[in-house]
Amino acid sequence: MFSEQVAPTAQGLLGPPSAEPPTFPRVPVLGYSDCSGPFRPGERSFGRQYAHVYAVRLAGMRPTLEHRARGRWGSDAVLRKLSELQAGEKCCVVGTLFKAMQLQPSILQEISEEHNLVPQPPLPKYIQPSDELILEDELQRIKLEGAIDVQRLVTGTIVAVYGSEQDDGRFLVEDHCFADLPPPLPWNGPTSDRFVLLASGLGLGSGSGEALLSTQLLVDVVTGQLGAEGEQSCAAHISRVILAGNLLSQNTQSRDTINKAKYLTKKTQAASVEAVKMLDEILLQLCTSVPVDVMPGEFDPTNYTLPQQPLHRCMLPLASPYATLHLVTNPYQANLDGVRFLGTSGQNVSDIFKYSSMDDYLEILEWTLLAGHISPTAPDTLGCYPFYKSDPFILTECPHVYFCGNAPCFQSKLLQGAEGQRVLLVTVPDFSTTQTACLVNLRDLTCQPITFSGFGAEDEDGDMEVGH
Amino acid sequence: MGGSRPVPGIAGAAASSMSRRAMGQPRRITDSFPRRRRRGPGRPPGRLKDKDKDKEEAQGKAKVRDRPRAAPQPPPDPALLEMLRRFDLCWEYGPCTGITRLQRWERAQALGLSPPGPIRDALLEHRDNPDVTYSLWHEYEL
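Residues numbered from 1 in each chain as written. Chains lettered and ligands numbered in written order. Predicted model: local features only at pLDDT ≥ 70, side-chain atom pairs only at ≥ 80, totals over all residues. Heavy atoms only, no water.

A. Looking closely at the domain arrangement of chain A. Residues and elements named next belong to chain A. Segmentation of chain A into domains returns domain 1 (32–41 + 183–255 + 267–451) and domain 2 (50–105 + 124–177). Of note, the centres of domain 1 and domain 2, computed from C-alpha atoms alone, are 33 Å apart. Across the boundary between the two partners, domain 1 contributes 30 residues, which contact 23 residues of domain 2. Counting across the domain 1 and domain 2 interface gives four salt bridges. A salt bridge links Arg152 to Glu363; the nearest nitrogen and oxygen atoms lie 3.3 Å apart. Linking domain 1 with domain 2 are 15 residue pairs in polar contact (both at pLDDT 80 or more), by the criterion used here. Of all elements in the fold, only helix H8 (347–355) and helix H9 (361–371) reach the threshold of two or more residues within the side of domain 1 that touches domain 2. (Domains from an automatic or database assignment. Contact = heavy atoms within 4.5 Å. Salt bridge = Lys/Arg side-chain N within 4 Å of Asp/Glu carboxyl O. Polar contact = N/O pair within 3.5 Å; in protein donor to acceptor, adjacent residues only side chain to side chain. Helix = DSSP H or I, 4+ residues; strand = E, 2+ residues; numbered from the N terminus.)

So this is what it looks like as structure tokens:
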């Protein structure tokens, strides 16, 4: 976007500034509505067990899966519950997957005295060849074997399997299917170019000055203070900025002060206090010019369990008076200019990465969309609020843009569905390590990365590279 | 009326003295669980005992206060409680612990499992009786 329009006007930088500086009004907001209502539970009652989440997940997704099963294996396919299985009969069963993993961190093993084990260090992946898949429905469970990829799947997915029960009590799977893409939403997108900037992992408070320069360059580009007239007019087409989590760096999370004696830590301040002040100043610069949606992430000062509630506005005294600042939940769903956005700060994808053989963040993101659930591993390995009425992470409508933050690199893909769904999948990279943000064009659902870098101490100019 | 439930208002009812076995009714697994005296809906959480004079007055007041509260509504009959207990133990409507029976009924209705209507009417009619609103395992935490 930028480089095509910038090149002809770059000559403008070589001449004296014009007497009347041109102004570029930012594109107005056509329509915005926040659809994240299900992610705000309202009440906060932790006196329940997690069995309710799994029960409503299965009950809520069962009709969709039965429909898909009939479509795939014939309308005369026999649907059975596990308690009604007969040995040798080919039938279809809908249930929740459970993966029994040897390396899965278990708090009971850690505190068990008879084992005398040191708690295992965190591993990048917890999969092992000896893992087993078990299918559970409301009453029973059965081990699965056959045409099902044990390494790839994770606990908590709702699946329909087709096969028969063997004599040894295991279920031999011949075929399986997921909920597939949810029904499509009507398209009301804009007819002219409009951009949404997606950035995540700003990583403030890490103590590194390099990342701050790139962040400042990003803010300057969006507010139109950088570049010649070509770039400024392009930046005026950015209608929104979404910051997808990890605004603070992991370094602000050190809890050494808890272990030290009180008299040593009396005058110290939590590292996150300074970092939030920096965040406030950056948000102030952005909010004066463009609507900003701030999603919390793994290291941000909000609750740990999903869905994470918005940051409190008392932490951002400079930026919160502006109506352009929207503090939103993680996951976040909204209609921006007629286009439905749905995204998370990446905890769901990185949790599936740890417990599955899938390595590519974009592949995992696509798989969650096809499985019909934003984060199937919650509440097993990812913290989750104990819902009881309904599971808000079930995908009921197909979004137009589906993103996840804090990925190791930028990737995007346009997925076409059989029922006319068009989804743009975007993995937003971690800004503090890659200095890359994404620009999504709402008119034709394309996405391009934009990279900022400074050349380091020996060269004093900060340069802006635009990467495609 | 079955003698196995302590009637609210009688302080210190030794419920074990009127066991189900003595009454000739079939035994239950729950008979071996410790019986806990439940507080009625309107009983104060814990009155400070006055050290002197007002003790008798307070006791007199307690007796007077308890009797009218015992009958704002007729207590639910055991058949109703039995029906509610069976509703709790029905596996089709999902787990029953940690939520009230009305919440479970509403959830089953929303998921299209068609729970029986008379149960909801009974739950709304005896809304302030904790034996009716809470599930079978309400007193056992989590």
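After that view, the rundown keeps rolling.
B. Region of interest: the sheet that holds strand E1 (residues 32–34) of chain A. Residue and element names in this part refer to chain A. Reading across the sheet, the six strands line up as E1-E11-E12-E13-E15-E14 and stay open at both edges, with mixed pairing between neighbours. Either end of the sheet is taken by a strand with one partner, and the two such strands are E1 and strand E14 (411–416). Averaged over neighbouring strand pairs, the angle between their axes works out to 20° when direction is ignored. Sheet strands in contact with H9 are strand E13 (401–407), E14 and strand E15 (422–429), and its direction is about 140° off that of E15. (Pairing = 2+ DSSP bridges. Axes fitted to C-alpha atoms, helices over the stretch in contact; angles between N-to-C directions.)

C. Structural context of the sheet that holds strand E2 (residues 91–100) of chain A. All names here are of chain A. The strand order around the closed barrel built from five strands is E2-E3-E4-E6-E5, with neighbouring strands paired in mixed fashion. If you compare each strand with its neighbour and ignore which way they point, the axes differ by 55° on average. Relative to strand E6 (residues 171–177), strand E5 (residues 158–165) runs antiparallel, the two sharing six bridges. In the strand pairing of E6, Glu165 is matched with Phe171. With respect to the sheet, helix H2 (residues 51–73) is in contact with E2, E5 and E6, its orientation differing from that of E5 by roughly 60°.

D. Layout of the interface of chain B and chain A. Between chain B and chain A, the contact holds nine residues from the first and 15 residues from the second. For the pair chain B and chain A, the two sides together bury roughly 1100 Å², of which 70% comes from carbon and sulfur. On the surface where chain B and chain A come into contact, there are zero salt bridges. Summed over the shared surface of chain B and chain A, the result is four residue pairs in polar contact (both at pLDDT 80 or more). Partitioning the side of chain B that touches chain A into residue classes produces five nonpolar, three polar and one charged. (Buried area = accessible area lost by both parts, 1.4 Å probe. Nonpolar A, V, L, I, M, F, W, Y, C, P; charged D, E, K, R; others polar.)

E. Quick look at the state of the cysteines. Residue and element names in this part refer to chain A. Tallying each qualifying case throughout the model produces zero disulfides over all chains. Left without a disulfide partner, Cys234 is nearest to the cysteine sulfur of Cys447, which lies 16 Å away. By relative accessible area, Cys234 is classed as buried at 1%. We note that Cys447 lacks a disulfide partner, and the nearest cysteine sulfur, in Cys438, lies 4.6 Å from it. Owing to a relative accessible area of 16%, Cys447 belongs among the buried residues under this scheme. (Disulfide = S-S within 2.5 Å. Buried < 20%, exposed > 50% of the residue type's maximum accessible area, 1.4 Å probe, protein only.)

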